[in-house]
Amino acid sequence: MSVSESSHLSAKKIIASFQTLPTIPAAAARAIQILNEPDPDLSEVADIVLADQVIAARVIRIINSPLYKLLHEIDSVKQALIYLGPQKIFEIILTSCFLELTDNSGNQCLRVQSCWEHSFGVALVSRNLAELSGAVKPELAFVSGILHDIGEVILSQQLPEQFRQAMQLSLEREVNLHDAEMEQFGTSHCEVGALLAEQWRFPEPFLQVILHHHSAQIEQKSPLIQIVSLADQICADVRLKCELNQPVRDNGTGIYGEHLQELEQQLGRLGVEDLAAFRQSLGTMVQKVKETVQSLYA
Ligand SMILES: [Fe+2]
Ligand SMILES: [Fe+2]
């Protein structure tokens with residue numbers, strides 16, 4: 001059996017061992033289904049979303065967060081959703097699913113805010129790289145960034161002790177979390193996340209990003225996967241990363257990480273030529289991520 005086959009099997013076994021299977025709200029699932037249709041009825045999507053209190057509350061908070069602050073002149077949330085259009089509604093609904101799945105106050109293993117900062121960071125940097133390179137649709141890059149580590153948060157909720165050990169292992173040996181998880185679980189957050197995303201019927205491009213963002217031969221993957229993988233490393237380097245729930249270290253004040261120059265060299269491969277524009281926007285993105293997570297985290 002190949003490594004990827006055995007990792008797939010282990011991920012299936014792990015998910016089967018979960019006491020309760022994490023699910024997305026039915027309203028969100030229905031809305032995603034309609035948005036995947038060729039000419040979606042946005043008014044129907046808005047009605048479905050707003051009829052579900054949990055998902056509606058999330059959506060309203062996201063719309064009012066620093067990410068979307070265009071809505072002062074618009075009277076109702078329904079109007080706001082229709083005004084934003086299908087791509088943005090899709091983005092907001094999937095973001096609210098992510099928040100719903102990961103906002104588990106019982107999870108003492110990972111600091112939820114740090115995971116949200118990482119996800120929003122990877123989403124914004126991916127969108128920026130998509131815009132600068134013209135290689136993929138910016139909205140697709142944003143949502144992929146939000147969802148890419150969903151498996152990590154779910155694993156940490158479901159198997160907190162083993163996950164903590166994998167995290168410790170990766171810190172002590174200075175190996176990446178994916179490799180430490182392979183040692184601990186025989187699989188990783190990528191496989192687990194992709195299998196769950198399949199059950200939630202998330203569209204195929206997101207599944208591929210979730211599955212392959214730590215792939216060894218990343219340059220052979222699609223531009224979308226490459227962009228998210230690079231954004232993931234850039235965010236870790238500027239200290240937007242998932243952390244164990246333990247006393248927060250002094251993170252320093254610098255925006256530029258140790259490896260940023262090295263990582264920037266890879267931007268050329270993706271068609272990003274204007275490094276100055278990227279550098280200029282990175283500080284603003286980090287700031288926006290912090291403000292957004294602050295406004296979303298109750
Ligand atoms: Fe990851
Ligand atoms: Fe990540």
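Structure first, text after, so check above.
Residues numbered from 1 in each chain as written. Chains lettered and ligands numbered in written order. Predicted model: local features only at pLDDT ≥ 70, side-chain atom pairs only at ≥ 80, totals over all residues. Heavy atoms only, no water.

Student: Break down the coordination of the iron ion (ligand 2) for me, citing the residues and quoting the values.
Tutor: Within the first shell, the iron ion (ligand 2) binds the protein through His-118 (NE2), His-148 (NE2), Asp-149 (OD) and Asp-232 (OD), at distances of 2.0 to 2.2 Å. One way to put it: the 4 donor atoms around the iron ion (ligand 2) meet at angles of 80 to 173°, and that makes the site irregular. Here the donor residues of the iron ion (ligand 2) share one chain and are spaced in sequence as H-x29-H-D-x82-D. Between the iron ion (ligand 2) and the iron ion (ligand 1), a separation of 3.7 Å is found, and both are coordinated by Asp-149. In this pair, His-148 is assigned in the loop between α7 (138-147) and α8 (150-158) and Asp-232 in helix α13 (residues 223-237), connecting sequence segments 84 residues apart. Of the two residues, His-148 and Asp-232, both sit in the buried class. (Donors = N, O, S within 2.8 Å, 3.2 Å for Na, K, Ca; no water. Tetrahedral: all angles 85-135°; square planar, octahedral: opposite > 155°, others 65-115°. Helix = DSSP H or I, 4+ residues; strand = E, 2+ residues; numbered from the N terminus. Buried < 20%, exposed > 50% of the residue type's maximum accessible area, 1.4 Å probe, protein only.)

Student: Please set out the coordination of the iron ion (ligand 1) residue by residue, giving values where relevant.
Tutor: As a benchmark, a tetrahedral metal site with four donors has ideal angles of 109.5 degrees, while an octahedral site with six donors has ideal angles of 90 or 180 degrees. Around the iron ion (ligand 1), the protein contributes the donor atoms Asp-149 (OD), His-189 (NE2), His-213 (NE2) and His-214 (NE2), at 2.1 to 2.2 Å from the metal centre. Angles of 88 to 178° at the metal separate the 4 donor atoms of the iron ion (ligand 1), which places the site in the irregular class. For the iron ion (ligand 1), the single-chain donor residues occur in sequence as D-x39-H-x23-H-H.

Student: Give me the lowdown on the pattern of salt bridges, citing residues and values where you can.
Tutor: This model, assessed by the stated rule, comprises 10 salt bridges. Arg-30 is paired through a salt bridge with Glu-44; the nearest N and O atoms lie 3.9 Å apart. Highlighted residues: Arg-30 in helix α2 (residues 26-35) and Glu-44 in helix α3 (residues 42-51), separated in sequence by 14 residues. Of the charged contacts in the structure, one is a salt bridge between Arg-164 and Glu-161, with a shortest N-O distance of 3.9 Å. One end of the pair, Arg-164, and the other, Glu-161, are both in helix α9 (residues 160-173), 3 residues apart, so they sit about a helical turn from each other. Several salt bridges converge on common partners, so that one network encompasses Arg-58, Glu-100 and Asp-103. (Salt bridge = Lys/Arg side-chain N within 4 Å of Asp/Glu carboxyl O.)

Student: Which residues make up α7, and what are the values?
Tutor: Across the 10 residues that make up α7, a large majority, 7, are buried. Looking at α7, one finds that the buried residues are Ala-141, Phe-142, Val-143, Ser-144, Gly-145, Ile-146 and Leu-147. Those residues of α7 that are buried lie in contact with α5 (77-102), α6 (112-133), α8, α12 (204-212) and α13. (Contact = heavy atoms within 4.5 Å.)

Student: Hey, could you go over the layout of surface pockets for me, with residue numbers and the actual values?
Tutor: One number sums up the size of the second largest pocket: a volume of about 390 Å³. Forming the walls of the second largest pocket are 18 residues, and the residues nearest its centre are His-178, Leu-211, His-212, Ser-215 and Ala-216. At the level of elements, α1 (3-17), α10 (177-185), α11 (189-199) and α12 are the ones that each hand at least two residues to the lining of the second largest pocket. (1 Å grid on protein atoms, 1.4 Å probe; cavity = no way out; pocket = protein on both sides within 12 Å on 5 of 7 lines; lining within 4 Å. Points joined across faces, edges and corners; volume = space filled by probe spheres on them.)

Student: Could you give an account of unusual backbone geometry, with specific residues and numbers?
Tutor: Although it is not a glycine, Glu-174 sits at a positive phi angle of roughly 55°. Within the secondary structure, Glu-174 is located in the loop between α9 and α10. One non-glycine residue, Arg-239, adopts positive backbone phi at about 65°. Locating Arg-239 in the fold gives a position in the loop between α13 and α14 (260-265).

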